[in-house]
Amino acid sequence: MNKNNRRSSSTSGHKRAGGAGKPRGGSVEQGSKRSAARVEREQRSGLSGERAAFGGGQSEVNSAQTGQGRKGAARHASGGSKRAGREQQATGGSGKRPAHTALAGLPVEKNGEYTAEIIGIGHDGEGVGRVDGFTLFIPGALPGERVRVKVLKLKKQFGYAKLLEVQKASPDRVGPPCPIYDQCGGCQLQHLDYAAQLEVKRQLVVDNLERIGKLKVADRTGGVVGAADRYSGDYRMVKDAGQPADAGLGIPESQILNEDVLESAEVGKGMDTAGSAVSAINEADDSVGEGAYANNTGDADLYTGMAGSQGSLRSRELQPLQDTEFVDAASLLDSAGDGDTEILTQDGAGHEAVFAGTEGIVVYPTIGMDDPWRYRNKAQVPFGEEQGGLVGGFYAQGSHRIIDMEACLIQHSNNDEVIAKVKEIGRRLGIRAYREETHEGLLRHVVVKVGFRTGEIMVVLITNGEEIPRAAEWIREIRAAIPGVASICQNVNTGRTNVIFGRTTRVLWGQEVIYDYIGDVKFAISARSFFQVNPVQTEALYGKALEYAGLTGGETVVDAYCGIGTISLFLAKHAKKVYGVEIVPEAIEDAKRNALLNGISNAEFAVGGAEDVLPEWQRAGVRPDVIVVDPPRKGCDERLLDTILQLRPERVVYVSCNASTLARDLRVLEDGGYRTVCVQPVDMFPHTTHIESVCSLIYKGFE
């Protein structure tokens, strides 16, 4: 984890399962545009080695176009047009032929209405449906559902459709508790029961390991998962995507498209997709060009979800979730396999004995949250004006217009209250919001950080200029209105950019930093420093990393992509020596400061690329027993992987925020002599489509 450039998009709000759902508002074409753009990039780059439109987990889905083989393609080419015409008549479609001749043979037409079977979930939470073998992205639909849709846009191999009616609802459909879920875009899966979200996220990891990494995954009974006949609870793989979509389709396990690298150039250049406004303002969170923390930013801020409400949420009750028991993965490993299986031990190195007699990687059930709401410790909200007064919230779909907000259900409640107070004070003092069209006005964003354990609050005013009118009054009123505030800062950003932070930050009042903890490690958090947005799950994630490192107190550990030292300091209390490396100087300074703060003297930090610094340490006599990598979404640098294979540490612990690049890198390490023992998915960001994973690898020569 620890990366920015991660999130977000929007899916649908509906009535509860059992009846026809009302599709959520906004343009489906907008809501899926980023998925399509990513598809085309993947097809050009060949990242996944699969049809990129359906990622690592949807090669079966895409076989409607490719997996059927030449016979299927010929059938579509020869008979698709007639069939499409018949369906258009039957369903009341427009009957208009696509303008582009290359689309003439498709079984669906633009503006036509069809019945689709939903077989998967896309990158951004949209349903992946099929109509006569043709794939449509349908925001708001869930796997296992039968829906009526209207086609909005077509490409050769897939299209976009608007959900008109849910004819057969998934038993996992729930009512999203957020009243503006259909407008915001910060969350994508609130309409999917949380237990099902966890299963979906585990399957994303499994699919990518198999399709991109070409790795074998052990099923939950100790066998090897087969790509064509995998079973996992009630989730079933679609065995033949060439069959009719209604041929006994259940909820398929292969229901997620792999996540790929979100390119900042695409997300930041326009606010024309559902949720992309939120994405753009968060994508470059804390980034100032080359001075930005390129790795390990700790905020996962592409999905921040600055959602608000037209009505106060204080009078609403959260939709109750299905009773679900969340258990640690280790407790599930009892008497699995054929009798040769060794049971997981929790004494450091024992984890590699899991399924020792079984071929395949163990992918544990996703570690979820007991309460998957109000988990974010940081909010960053754009400000604008409406009828002469300040508003702060999120961008309306397809525009740069800011919709006022009152609350966001994934934000800590203190964040909502602070934003409301700052907005109220700013209105009263006549503070003007920044207008990007004219590059005039003052207040661009307000960033709030909350220490979950300490209760300390930092308020950062991001301004288009250094001078703040009536600054003393504003500071005084913020202090009076927010008792827990410990720091009020100003960041100056005068650029014509979607990047939130500028280069200059100064303290207006109070401390330069606030403090919080991950486990028993204390961290100083400044206006620009990077910290995990979900400290509860971060502790679970790092706990698994520590377990997989198998430390006994005598090991030398290298933490590549160390950022501000979050994982390094977590490990240092259990190792002989930890070396952390990070390419960003500011991050290394934070790491050193945090080491001093915790009295940790056995951690050493260096600035540079891990692929360059590790060979220098090797020449100086450093021989790591364990290497921990926690790369950004693009995965590990190729040279770093080569360096790991040259150093051959006994163990590698890989912490990942991107299942597709994780699978790619694991393939390289496996080919170089490592065995991936197990993968533990951790749900750091409930109600979004994103998943973190911790992987344990051991060098085969040490087995």
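A quick note: this is a predicted structure, and the numbers were derived from the prediction, not measured. (Residues numbered from 1 in each chain as written. Predicted model: local features only at pLDDT ≥ 70, side-chain atom pairs only at ≥ 80, totals over all residues. Heavy atoms only, no water.)

Asker: Explanation requested: the overall build of the protein chain in the structure shown.
Answerer: For the protein chain, the helix and strand inventory stands at 15 helices and 25 strands. Put simply, the protein chain has 703 residues, and 62% of those count as buried. The long-range fraction of contacts in the protein chain, counting pairs at least 24 apart against all pairs at least 6 apart in sequence, stands at 70%. A total of about 25000 Å² of accessible surface is found on the protein chain, and carbon and sulfur atoms cover 47% of it. (Helix = DSSP H or I, 4+ residues; strand = E, 2+ residues; numbered from the N terminus. Buried < 20%, exposed > 50% of the residue type's maximum accessible area, 1.4 Å probe, protein only. Contact = heavy atoms within 4.5 Å. Areas by Shrake-Rupley, 256 points an atom, 1.4 Å probe, with all protein chains shown as cover.)

Asker: Any chance you could explain the state of the cysteines here in plain terms?
Answerer: Linking two cysteines covalently via their sulfur atoms produces the bond known as a disulfide. Taken as a whole, this structure holds zero disulfides when the rule is applied. Counting only cysteine sulfurs, cysteine 408 is the nearest neighbor of cysteine 184, a cysteine outside any disulfide, at a range of 6.3 Å. (Disulfide = S-S within 2.5 Å.)

Asker: I keep staring at the nonpolar core and nothing clicks. Help me out?
Answerer: One broad trend across soluble globular proteins is that nonpolar side chains are buried collectively. Ranked by internal contacts, the top residues of the largest apolar core, which has 70 residues, are Val460, Leu551, Val557, Leu569, Leu571, Phe605 and Val653. It is helix H10 (residues 535-549) that contributes the most residues to this core, six residues altogether. If sequence neighbours within four positions are ignored, phenylalanine 605 has contacts with Cys562, Gly565, Ser568, Leu569, Gly580, Ile588, Ala591, Lys592 and Ala595. Grouped together as the second largest cluster of nonpolar side chains are 41 residues, Ile212, Trp617, Val629 and Ala663 included. (Core = buried A, V, L, I, M, F, W, Y, C linked by side-chain atoms within 4.5 Å.)

Asker: Whenever I open this one, the pattern of salt bridges confuses me. Can you help?
Answerer: Pairing between side chains of opposite charge can happen when their charged atoms approach one another. Applying the stated criterion across every chain yields a total of 23 salt bridges. The partner of arginine 173 in a salt bridge is glutamate 145, and the shortest N-O contact between them spans 2.7 Å. Of this pair, arginine 173 sits in the loop between strand E5 (158-168) and helix H4 (181-184) while glutamate 145 sits in the loop between strand E3 (134-138) and strand E4 (146-154), and the two are 28 residues apart along the sequence. In this structure, arginine 173 and glutamate 145 share a single accessibility class: buried. In this structure, the salt-bridge partner of glutamate 210 is arginine 211, at a minimum N-O distance of 3.1 Å. When sorted by exposure, glutamate 210 lands in the same class as arginine 211, which is buried. Each of Glu611, Asp612, Asp637 and Arg639 takes part in salt bridges that share partners, so that together they form one network. (Salt bridge = Lys/Arg side-chain N within 4 Å of Asp/Glu carboxyl O.)

Asker: Could you clarify how one ought to interpret the confidence of the model for the protein chain in this entry?
Answerer: Considering every residue of the protein chain, the mean pLDDT works out to 73; 65% of them sit at 70 or more. Note on residues 1-101: pLDDT is under 50 here. Beyond four places in sequence and across chains, it has 331 contacts. Within the model, pLDDT remains below 50 along residues 221-355, and this stretch shows 452 contacts once partners closer than five positions in the same chain are excluded. (pLDDT = per-residue confidence, 0-100.)

Asker: What should I look at first to understand the sheet that holds strand E6 (residues 217-218) in this one?
Answerer: Each strand in a sheet pairs with another by means of backbone hydrogen bonds, the pair being arranged parallel or else antiparallel. Taken together, the nine strands give an open sheet; going across it, the order is E6-E9-E24-E25-E23-E22-E19-E20-E21, and neighbouring strands pair in mixed fashion. Because the sheet does not close on itself, it has two edges, and the strands there are E6 and strand E21 (603-607). In terms of strand pairing, strand E9 (residues 361-363) meets strand E24 (residues 674-682) through two bridges, oriented parallel. Looking at the pairing, valine 362 lines up with cysteine 678 of E24. Contacting E9, strand E23 (651-656), E24 and strand E25 (692-699), helix H15 (residues 659-671) runs over the sheet at an angle of about 165° to E23. (Pairing = 2+ DSSP bridges. Axes fitted to C-alpha atoms, helices over the stretch in contact; angles between N-to-C directions.)

Asker: So what exactly am I meant to see when it comes to the sheet that holds strand E15 (residues 485-492) here?
Answerer: Taken in spatial order, the seven strands make up an open sheet running E12-E11-E10-E13-E14-E15-E16, and their pairing is mixed. In this open sheet, the two strands that pair with only one neighbour each are strand E12 (402-404) and strand E16 (504-510). Across the sheet, the mean angle separating the axes of adjacent strands is 35° when strand polarity is ignored. Pairing of strand E11 (residues 389-395) with E12, which is carried by three bridges, proceeds in the antiparallel orientation. Considered in E12, the bridge of glycine 393 is made with aspartate 404. Strand contacts of helix H8 (residues 413-429): strand E10 (378-386), E11, E12, strand E13 (443-450) and strand E14 (457-463), with the helix running at about 145° to E13, the strand carrying the most contacts. Taken strand by strand, helix H9 (residues 471-481) contacts E13, E14, E15 and E16, and its axis lies near 145° from that of E15.

Asker: For this particular structure, what's the right way to read the packing of aromatic side chains?
Answerer: Centre-to-centre distance and the angle between the planes together describe a pair of aromatic rings. Considering all chains together, one arrives at seven aromatic pairs under this definition. Ring pairs connect the aromatic residues Phe137, Phe158 and Tyr160, which therefore count as one cluster. Here the basic side chain of arginine 444 rests over the ring of tyrosine 434, its NZ or CZ set 4.1 Å away from the ring centre. Of note, lysine 522 hangs over the ring of tyrosine 515, and the distance from its end group to the ring centre comes to 4.6 Å. (Phe/Tyr/Trp six-rings, centres within 6.5 Å; stacked < 30°, edge-to-face > 60°. Lys NZ or Arg CZ within 6 Å of the ring centre and 35° of its normal.)

Asker: What exactly am I supposed to notice about helix H13 (residues 610-619) here?
Answerer: What sets the pattern is the α-helix's 3.6 residues per turn: residues three or four places apart point alike. Turning to H13, its buried residues number three or more, namely Ala610, Glu611, Val613, Leu614, Pro615 and Trp617. Residues of H13 that are buried sit in contact with strand E19 (556-560), strand E20 (577-582), E21, strand E22 (626-629) and helix H14 (638-647).

Asker: It is not clear to me how the pairing of E19 should be interpreted in this structure. Could you clarify?
Answerer: Within a regular beta strand, the side chains point alternately toward one face of the sheet and then the other, so they alternate between its two faces. In terms of burial, E19 is largely enclosed, as five of its five residues are buried. Residues Thr556, Val558 and Ala560 of E19 are buried on one face, and the alternating residues Val557 and Asp559, pointing to the opposite face, are buried as well. Two strands pair when backbone bridges link them, and E19 and E20 are joined in this way by five bridges, in the parallel orientation. Paired with alanine 560 across the bridge in E20 is valine 581. Bridging between E19 and E22 involves four bridges; their strand directions are parallel. By the bridge assignment, alanine 560 is partnered in E22 with valine 629.

Asker: Got a minute to help me understand unusual backbone geometry in this structure?
Answerer: What is expected of a backbone is that most residues other than glycine have negative phi and most peptide bonds are trans. The backbone phi angle of lysine 214 is positive, close to 55°, even though this residue is not glycine. Here lysine 214 shows up in the loop between helix H5 (194-211) and E6. For lysine 214, a relative accessible area of 53% puts it in the exposed group. Positive phi, close to 60°, is recorded for histidine 439, a residue that is not glycine. Here histidine 439 lies in the loop between H8 and E13.

Asker: Just checking my understanding: could you explain the environment of glycine 105 for this structure?
Answerer: On the secondary structure map, glycine 105 appears in the loop between helix H3 (69-91) and strand E1 (113-121). A residue is classified by how much of its surface remains accessible, and glycine 105, at 24% relative accessible area, is partly exposed. Separated by 51 residues in the primary sequence, glycine 105 and lysine 156 place their C-alpha atoms 9.2 Å from one another.

Asker: Hey, could you run me through the side chain of glutamate 126 in this one?
Answerer: Assignment of secondary structure puts glutamate 126 in the loop between E1 and strand E2 (127-131). Since its relative accessible area comes to 1%, glutamate 126 is described here as buried.

Asker: Help me understand the side chain of aspartate 193 in this model?
Answerer: Inspection of the secondary structure puts aspartate 193 in the loop between H4 and H5. A distance of 3.1 Å separates a polar side-chain atom of aspartate 193 from the backbone nitrogen of alanine 195. (Polar contact = N/O pair within 3.5 Å; in protein donor to acceptor, adjacent residues only side chain to side chain.)

Asker: Sorry, what's going on with the environment of isoleucine 564 here?
Answerer: Within the secondary structure, isoleucine 564 is located in the loop between E19 and helix H11 (566-572). The buried category is assigned to isoleucine 564, whose relative accessible area is 3%. The sequence separation of isoleucine 564 and phenylalanine 523 amounts to 41 residues, and the corresponding C-alpha distance is 9.0 Å.

Asker: What is the right way to read the packing of H5 against H15 from this model?
Answerer: Helices that pack against each other are described as a pair by the angle of their axes relative to one another and the distance between those axes. Look at H5 against H15: their axes get within 8 Å of each other, and the N-to-C directions meet at 40°. When the axes of H5 and H15 are compared, the pair comes out oblique. Of the two elements, H5 crosses H15, and the hand of that crossing is right-handed. Residues Leu204, Val205, Asn208 and Leu209 of H5 form the contact with H15, whose participating residues are Ala659, Ser660, Ala663 and Leu666. In terms of residue class, the contact of H5 with H15 is built from six nonpolar, two polar and no charged. (Parallel < 35°, antiparallel > 145°, perpendicular 65-115°, else oblique. Left-handed = near helix turned anticlockwise from the far one by under 90°. Nonpolar A, V, L, I, M, F, W, Y, C, P; charged D, E, K, R; others polar.)

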